[in-house]
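Each chain, letter by letter, is given below.
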Amino acid sequence: MEKDDRRYRNYVRILKEELIPAMGCTEPIAIAYAAAKAREVLGTLPDHVWIGVSRNIVKNVKSVVVPNTGGMKGIASAAAAGIVGGDADKRLEVISEMSEEQVHEIHAFVQNVPVETEAVDNGFVFDIIVKLQKGDSSSMVRITQYHTNIVAIEKDGKVIFNAEPGESKSNEEVGLADKSLLNVKDIIEFADTCDIEDIKEVLDQQIACNTAIAEEGLKNSWGANIGSTWLKAYENDVKARAIAKAAAGSDARMSGCEMPVVINSGSGNQGITVSVPVIEYAKELGCSQEQLYRALVVSNLIAIHEKTGIGRLSAYCGAVSAGCAAGAGICYLHGGKYEDIAHTVVNSLVIVSGIICDGAKPSCAAKIASSVQAGIFGYEMWLNGQQFRYGDGIVNDSVETTIRNVGRLGREGMKKTDEEIVDIMLTE
């Protein structure tokens, strides 16, 4: 693929847009980001806070620990962290630098300042609105569609910035690269031919950050310790290590570990899942750094391709897309070509496409373990001459139509499931 090819430019842009660092689960961090920006606009600590979020945000914030808060969870805690000590210029690392004194201030803020939270439905799957009040002064910041997409800022009722899309574009990711150009065949061509220097920086950061948090997850006790439990339960071979390390990264991240992760499709768990197993297999196989880079291009872009049809937030577990994409990256490391990778993706998607997303919390690590296992097994099936065929459930006549079927399942078919999941989670 030539550099002046539209696809080439777009794929580089997609990687640079999607593979960015974040500290903490990205939905509460997006709330902290909006709150920090609103505090910046207000110019002082507020005496009243109102936060409106779409139901999927409720789901992904309720049960996960917000880093640098001393173990606090929930919407109010995420907003308080952003208001008290957040730096909006750091975007998804908005609360990465917090003093011990500020942690105490966060706790005091939540106890002393009224923080109203409300589930809102404005036609956006991803919607965060933060309003701050101090006497007669006020500010408002709104994020829609994806985690860093500020679409509106107001001060004292006056519009400072407004880029809200029309109703017809309510869930389109305005301003980002065109992901409709993604397909498995072109992704592999790009991985085979791309200039490593064009993507090296983002992949180096992904390798360093995601490996570090995976090792932390195995070294110390975090969450349900899925990673270390997996290693104790199964033979310590490369497959077990690939699965365990990916799960361990999520163990740490879901329980408030204050280490950054390079995300994929807006999710740190997905960023860990697409990268750590591929890195572990590359070590085992003695692959060169260049081979690892190219395999990570495959796993990252296939995950983004799968997730594009589903949407940022859904009842469909994002670890599934990422784990199946990791299987594709592992296949590529073994010398797999288009046919091999396509069958790996289809096989693995069929195995685990029923896993639901019931929010961010420690059990995400176990879902990651199952999804990476499915990704690896999908490849092993193909190596042994086995495959799921056209007409087997959601399997269609090609990898692209099967991915489209999964997208339809996640975006449209599971809407009611998503509503029920949130209703269950909100029932005390």
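Here the structure is shown first, and the text comes after it.
The structure displayed is predicted, hence computed values, not measured ones.

1. What to know about the overall build of the chain
Moving on, step 1. The secondary structure content of the chain amounts to 16 helices and eight strands.
Moving on, step 2. Burial status across the chain gives 59% buried among its 428 residues.
Moving on, step 3. Here the contacts in the chain between residues at least 6 apart in sequence split such that 77% fall between residues at least 24 apart.
Moving on, step 4. Surface exposure of the chain reaches about 16,800 Å², of which carbon and sulfur atoms provide 47%.

2. With respect to the packing of helix 9 (residues 238-254) against helix 10 (residues 268-285)
Moving on, step 1. Across the interface, helix 9 lies against helix 10 with an axial gap of 8 Å and an inter-helix angle of 150°. Classified by the interaxial angle, the pair formed by helix 9 and helix 10 is roughly antiparallel. The two elements helix 9 and helix 10 cross, and the hand of that crossing is right-handed. In contact with Val238, Lys239, Arg241, Ala242, Lys245, Ala246, Gly249, Ser250, Arg253 and Met254 of helix 9, helix 10 contributes Gly268, Asn269, Ile272, Val276, Pro277, Glu280, Tyr281, Lys283 and Glu284.
Moving on, step 2. Along the lines of polarity and charge, the residues of the contact of helix 9 with helix 10 split into eight nonpolar, four polar and seven charged.

3. Here we look at empty space enclosed by the protein
Moving on, step 1. One pass over the full model with this rule turns up two cavities of 30 Å³ or more.
Moving on, step 2. Here the largest cavity defines a volume of roughly 320 Å³.
Moving on, step 3. Surrounding the largest cavity, 29 residues form its lining, Asn60, Ser267, Gln270, Gly318 and Cys357 being those nearest its centre.
Moving on, step 4. Secondary structure elements with two or more residues in the lining of the largest cavity: helix 2 (26-42), helix 9, helix 10, helix 12 (318-333) and helix 14 (364-383).
Moving on, step 5. Looking at the lining of the largest cavity residue by residue, the class counts come to ten nonpolar, twelve polar and seven charged.
Moving on, step 6. Approximately 40 Å³ is the volume found for the second largest cavity.

4. Here's the deal with the side chain of Asn269
Moving on, step 1. Mapping Asn269 onto the fold places it in helix 10.
Moving on, step 2. The class for Asn269 is buried, based on a relative accessible area of 9%.

5. Focus: the packing of aromatic side chains
Moving on, step 1. A complete count under the given rule lists three aromatic pairs for this structure.
Moving on, step 2. Seen from their ring centres, Tyr11 and Phe190 are 5.4 Å apart, and the 80° between their planes marks the pair as edge-to-face. Remark: Phe190 occurs in helix 6 (residues 184-193) and Tyr11 occurs in helix 1 (residues 6-18); sequence separation between them is 179 residues. Here Tyr11 and Phe190 have matching classes, each one buried.
Moving on, step 3. Ring pairing ties together the aromatic residues Tyr8, Tyr11 and Phe190, which thus form one cluster.
Moving on, step 4. Cation over ring: Lys185 sits above Tyr338, and NZ or CZ is 4.7 Å from the ring centre.

6. Brief notes about the pattern of salt bridges
Moving on, step 1. With the rule as written, the count across this model stands at 25 salt bridges.
Moving on, step 2. Linking Arg7 and Asp5 is a salt bridge whose minimum nitrogen-to-oxygen distance equals 2.6 Å.
Moving on, step 3. Put simply, Glu280 and Arg241 hold a salt bridge, and the shortest N to O gap is 3.0 Å. Linking Glu280 in helix 10 with Arg241 in helix 9, this pair joins segments that are 39 residues apart in sequence. For the residue pair Glu280 and Arg241, the accessibility class agrees, reading buried in each case.
Moving on, step 4. Sharing partners across several salt bridges, the network here consists of Asp5, Arg7, Asp186 and Glu189.

7. Looking at the side chain of Ser265
Moving on, step 1. Relative to the helices and strands, Ser265 resides in the loop between strand 8 (261-262) and helix 10.
Moving on, step 2. If sequence neighbours within four positions are ignored, Ser265 has contacts with Glu18, Gln270, Ala303, Ile304, Lys307 and Arg312.

8. What about the sheet that holds strand 5 (residues 137-144)?
Moving on, step 1. Here we have six strands laid out as an open sheet, ordered 3-2-4-5-6-7, and mixed in their pairing. Because the sheet does not close on itself, it has two edges, and the strands there are strand 3 (115-119) and strand 7 (158-162). Each neighbouring strand pair of the sheet contributes to a mean axis angle of 10°, computed without reference to strand direction.
Moving on, step 2. Seen against the sheet, helix 4 (residues 75-85) touches strand 2 (48-53), strand 3 and strand 4 (127-134) and runs at an angle of roughly 125° to strand 2.

9. Observations concerning the pairing of strand 7
Moving on, step 1. The element strand 7 is barely covered by neighbouring structure, given that only zero of its five residues are classed as buried.
Moving on, step 2. Note: strand 6 (residues 150-155) against strand 7, four bridges, orientation antiparallel. Each residue of the ladder has a partner; that of Lys155, found in strand 7, is Lys158.
Moving on, step 3. Taking the residues that link successive antiparallel strands as the turn, the strand 6-strand 7 hairpin has two residues, and the phi of Asp156 there is positive, at about 55°.

10. Focus on the nonpolar core
Moving on, step 1. Tyr11, Phe190, Leu301, Ile302 and Ile341 are the most contacted members of the largest nonpolar core, which has 84 residues in total.
Moving on, step 2. Apart from the residues within four sequence positions on either side, Ile302 is in contact with Val184, Ile187, Ala325, Ala328, Ile341 and Val345.
Moving on, step 3. Of all hydrophobic cores here, the second largest spans 48 residues; its members include Ile20, Ala79, Val84 and Ile128.

11. Considerations on helix 12
Think of an α-helix as 3.6 residues a turn; residues three or four steps apart then line up on the same face.
Moving on, step 1. In a regular helix each residue adds 1.5 Å, so 16 residues correspond to 22 Å; helix 12 covers 23 Å between its end C-alpha atoms and thus fits that length.
Moving on, step 2. Of all 16 residues in helix 12, 16 are buried; the element is thus mostly enclosed.
Moving on, step 3. Positive phi appears at Gly335, one or two residues downstream of helix 12, with a value of about 95°.

12. Notes on the environment of Cys364
Moving on, step 1. Among the structural elements, Cys364 can be located in helix 14.
Moving on, step 2. A residue is classified by how much of its surface remains accessible, and Cys364, at 12% relative accessible area, is buried.
Moving on, step 3. Each C-alpha atom, one on Cys364 and one on Ala247, is 8.1 Å from the other, the two residues being 117 residues apart in sequence.
Moving on, step 4. Not counting residues up to four positions away in its chain, the partners in contact with Cys364 are Ser250, Met254, Asn269 and Gly359.

Reading guide: rules and limits
- All residue numbers here refer to positions counted from 1 along the written sequence of the relevant chain.
- Only residues with pLDDT of at least 70 get local features here, since the model is predicted, and only at 80 or more are side-chain atom pairs given and counted; chain-wide, interface and lining totals rely on the full set of residues.
- Excluded from the side-chain calculation are hydrogens and water; included are all heavy atoms of the structure.
- The secondary structure listing takes helices from DSSP runs of H or I that are at least 4 residues long and strands from runs of E that are at least 2 residues long, numbered from the N terminus.
- Classification of residues uses two cut-offs on accessible area relative to the type maximum, computed with a 1.4 Å probe and protein chains only: under 20% is buried, over 50% is exposed, and between them is partly exposed.
- Throughout, a contact is declared for two residues whenever any of their heavy atoms are within 4.5 Å.
- Exposure was quantified through the Shrake-Rupley algorithm and a 1.4 Å probe, taking into account, for residues, occlusion by the shown protein chains and nothing else.
- For helices, the axis comes from a line fit to the C-alpha atoms of the stretch in contact; other axes are also lines fit to C-alpha atoms, and the angle between any two N-to-C directions lies between 0 and 180 degrees.
- Any angle that falls under 35 degrees is termed roughly parallel, while one over 145 is termed roughly antiparallel, one within 65 to 115 roughly perpendicular, and all others oblique.
- We call a crossing left-handed when the near helix sits turned anticlockwise from the far one by less than a right angle, and right-handed when that turn is clockwise.
- Just so you know the grouping, Ala, Val, Leu, Ile, Met, Phe, Trp, Tyr, Cys and Pro go in nonpolar, Asp, Glu, Lys and Arg go in charged, and all remaining residues, Gly too, go in polar.
- Think of a 1 Å grid over just the protein atoms. A cavity is a set of points where a 1.4 Å probe fits yet cannot get out, a pocket is an open set with protein on both sides within 12 Å along at least five of seven lines, and lining residues have an atom within 4 Å of a point.
- Grid points are joined across faces, edges and corners, and a volume is the space filled by probe spheres set on the points.
- Only rings of Phe, Tyr and Trp enter the pairing, Trp through its six-membered ring, and a pair is recorded when the two centres are within 6.5 Å. The plane angle decides the type: under 30 degrees is stacked, over 60 is edge-to-face, the rest tilted.
- Throughout this description, the term charge over a ring refers to an Arg CZ or Lys NZ atom that lies within 6 Å of the ring centre and within 35 degrees of the ring normal.
- In what follows, salt bridge is the name for a side-chain nitrogen of Lys or Arg lying within 4 Å of a carboxyl oxygen of Asp or Glu.
- In this scheme, strands are said to pair when DSSP sees at least two bridges between them.
- Nine residue types can take part in a nonpolar core, namely buried Ala, Val, Leu, Ile, Met, Phe, Trp, Tyr and Cys, and a core is a set of them joined through side-chain atoms within 4.5 Å.
- An expected span of 1.5 Å times one less than the residue number is assigned to each helix.

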